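Chain by chain, the residues run as shown.
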Amino acid sequence: MPKVLLVEDEIPLAEGIEYSLRYEGFETAHASDGLKGLELFRTFEPDLILLDLMLPGRSGLEVCQEIRRESNVPIIILTAKGEEADKVMGLAQGADDYVTKPFSTPELIARVRAVLRRSRSAEPQATESLAYGPLQLNLVSRKLRVEGQPVELTRREFDLLEMFMRHPGRVFTRETLLSRVWGEAEFIDDRTVDVHVRWLRQKIEADPSRPALIQTVRSVGYRFGE
Ligand code: CA
């Protein structure tokens, strides 16, 4: 039974979510503030965390940041309409997905299942190559094949594509991609990511003007696949 930790201060909403999750076969734990959430993250050891951003005391973003220092457990943030900036910040702090309130229970459960599925397939394993659609990326020889044909990539293009292919379906902000692929030491700006994505699309997309593999997520960043 997958374990879901819910961090949410609106009690009636939390009860409703917990009830539905249990009905669907999940084991749940609930915290109504950030501090308790962090405590349960360590003791309950959830497979996934549903994290409200507007919490009393420690904010959801701080909780997210703190969890990420210790673990890659999937996190779905719960935001209210009009909290666009928080949503972007949450993804930048390493959240895997977000759901905007008000949401329907089936929608939430579907997201939980999708994120769990993704995180399982991305579990660390001695992978030597990654495959997705027409792409085959060999991590040892650092070579890419598209529809079986070799395609040359620069170091950054390779690292960026590897990041995408390791997390199909995940939304990345430009900030996350910058810090994961370029590191923080270099003097670069957000446009660097856009430029490299454009170059990558030229190399991997059947029609780079209508990308099917690397999709733009408006006002957030990029998503690979799904
Ligand atoms: Ca709240």
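Undergrad: I would appreciate a short explanation of the overall build of the protein in the present structure.
TA: Helix and strand counts for the protein come out as 8 helices and 12 strands. Taking 226 residues into account, the globule formula puts the C-alpha radius of gyration at 17 Å, and the protein, at 19 Å, falls close to it. Put simply, 55% of the contacts in the protein that link residues at least 6 apart link residues at least 24 apart. For the protein, the exposed area adds up to about 12,000 Å²; of that, 49% sits on carbon and sulfur atoms. The distance from the centre of the 31 positive side-chain charges to the centre of the 37 negative ones in the protein is 5 Å.

Undergrad: Just to check I follow, could you spell out the side chain of Lys-101 for this structure?
TA: Counting through the fold element by element, Lys-101 comes out in strand β5 (residues 97-101). Engagement of the side chain of Lys-101 in a polar contact is seen with the side chain of Glu-8, the distance being 3.0 Å.

Undergrad: Any chance you could explain the coordination of the calcium ion here in plain terms?
TA: Each donor-metal-donor angle would ideally measure 109.5 degrees in four-coordinate tetrahedral geometry, or 90 or 180 degrees in six-coordinate octahedral geometry. Listed as protein donors to the calcium ion are Asp-9 (OD), Asp-52 (OD) and Met-54 (O); their distances from the metal cover 2.1 to 2.3 Å. All donor residues of the calcium ion come from one chain, and their arrangement in sequence is D-x42-D-x1-M. Of the two residues, Asp-9 sits in the loop between β1 (3-7) and α1 (11-23) while Met-54 sits in the loop between β3 (48-52) and α3 (60-70), which places them 45 residues apart along the sequence. Residue classification places Asp-9 among the partly exposed positions, given a relative accessible area of 29%.

Undergrad: Would you take a moment to explain the domain arrangement of the protein for this structure?
TA: The extent of an interface is frequently quoted as the accessible surface area lost upon association of the parts. Domain annotation for the protein reports domain 1 (3-121) and domain 2 (129-224). Between the C-alpha centres of domain 1 and domain 2 there is a distance of 27 Å. Across the contact, 8 residues belong to domain 1 and 8 residues belong to domain 2. Here domain 1 meets domain 2 over a buried area of about 750 Å², counting both sides, of which 54% is carbon and sulfur. For the domain 1 face of the interface with domain 2, the top three residues by lost area are Val-88, Leu-91 and Arg-118, together amounting to 51%. For the salt bridge of Arg-170 with Asp-96, the shortest nitrogen-to-oxygen distance reads 3.7 Å. Our count for the contact surface shared by domain 1 and domain 2 stands at 0 residue pairs in polar contact (both at pLDDT 80 or more). Tallying contributions element by element places helix α4 (residues 84-92) first for the side of domain 1 that touches domain 2, with 4 residues. In terms of residue class, the side of domain 1 that touches domain 2 is built from 4 nonpolar, 1 polar and 3 charged.

Undergrad: Whenever I open this one, helix α6 (residues 155-166) confuses me. Can you help?
TA: For an α-helix, the turn length of 3.6 residues means that residues three or four places apart are oriented alike. The end-to-end C-alpha distance of α6, which contains 12 residues, comes to 16 Å, matching closely the 16 Å that a straight helix rising 1.5 Å per residue would cover. Counting buried residues in α6 gives 10 out of 12 residues, a clear majority hidden from the surface. Taken together, the buried positions of α6 are occupied by Arg-156, Glu-157, Phe-158, Asp-159, Leu-160, Leu-161, Glu-162, Met-163, Phe-164 and Met-165.

Undergrad: How should the pairing of strand β4 (residues 75-80) be read in this particular structure?
TA: Look at any regular strand and the pattern is simple: side chains alternate between the two faces of the sheet. Of all 6 residues in β4, 5 are buried, a share of seventy percent or more. When β3 meets β4, the two strands line up parallel, connected through 4 bridges. Within β4, the position partnered with Asp-52 by the bridge is Leu-78. In this region the chain leaves β3, passes through α3 and returns to the parallel neighbour β4; the handedness of that crossover is right-handed. Bridging between β4 and β5 involves 5 bridges; their strand directions are parallel. Along β5, the bridge assignment pairs Ala-80 with Lys-101. Handedness of the crossover joining β4 and β5 through α4: right-handed.

Undergrad: Please explain helix α2 (residues 34-43) as it appears in this structure.
TA: For α2, the set of buried residues is Gly-34, Gly-37, Leu-38, Leu-40 and Phe-41. All buried residues of α2 fall inside an arc of 165° around its axis, so they share one side. Along α2, exposed side chains directed more than 90 degrees from the buried face belong to Leu-35 and Thr-43. In this structure, the buried side of α2 is in contact with β1, β2 (27-31), β3 and α3. With a side-chain oxygen lying 3.0 Å from the backbone nitrogen of Leu-35, the N-terminal cap of α2 falls on Asp-33. Count one or two residues on from α2 and you reach Glu-45, which has phi positive near 50°.

Parameters at a glance
Residues numbered from 1 in each chain as written. Predicted model: local features only at pLDDT ≥ 70, side-chain atom pairs only at ≥ 80, totals over all residues. Heavy atoms only, no water. Helix = DSSP H or I, 4+ residues; strand = E, 2+ residues; numbered from the N terminus. Rg over C-alpha atoms; globule rule 2.2 N^0.38 Å. Contact = heavy atoms within 4.5 Å. Areas by Shrake-Rupley, 256 points an atom, 1.4 Å probe, with all protein chains shown as cover. Lys, Arg positive; Asp, Glu negative; His and termini not counted. Charge placed at Lys NZ, Arg CZ, Asp CG, Glu CD. Polar contact = N/O pair within 3.5 Å; in protein donor to acceptor, adjacent residues only side chain to side chain. Donors = N, O, S within 2.8 Å, 3.2 Å for Na, K, Ca; no water. Buried < 20%, exposed > 50% of the residue type's maximum accessible area, 1.4 Å probe, protein only. Domains from an automatic or database assignment. Buried area = accessible area lost by both parts, 1.4 Å probe. Salt bridge = Lys/Arg side-chain N within 4 Å of Asp/Glu carboxyl O. Nonpolar A, V, L, I, M, F, W, Y, C, P; charged D, E, K, R; others polar. Expected span 1.5 Å × (residues − 1). Pairing = 2+ DSSP bridges. Right-handed = clockwise from strand over helix to strand, strands pointing away. Arc of directions from axis to C-beta.

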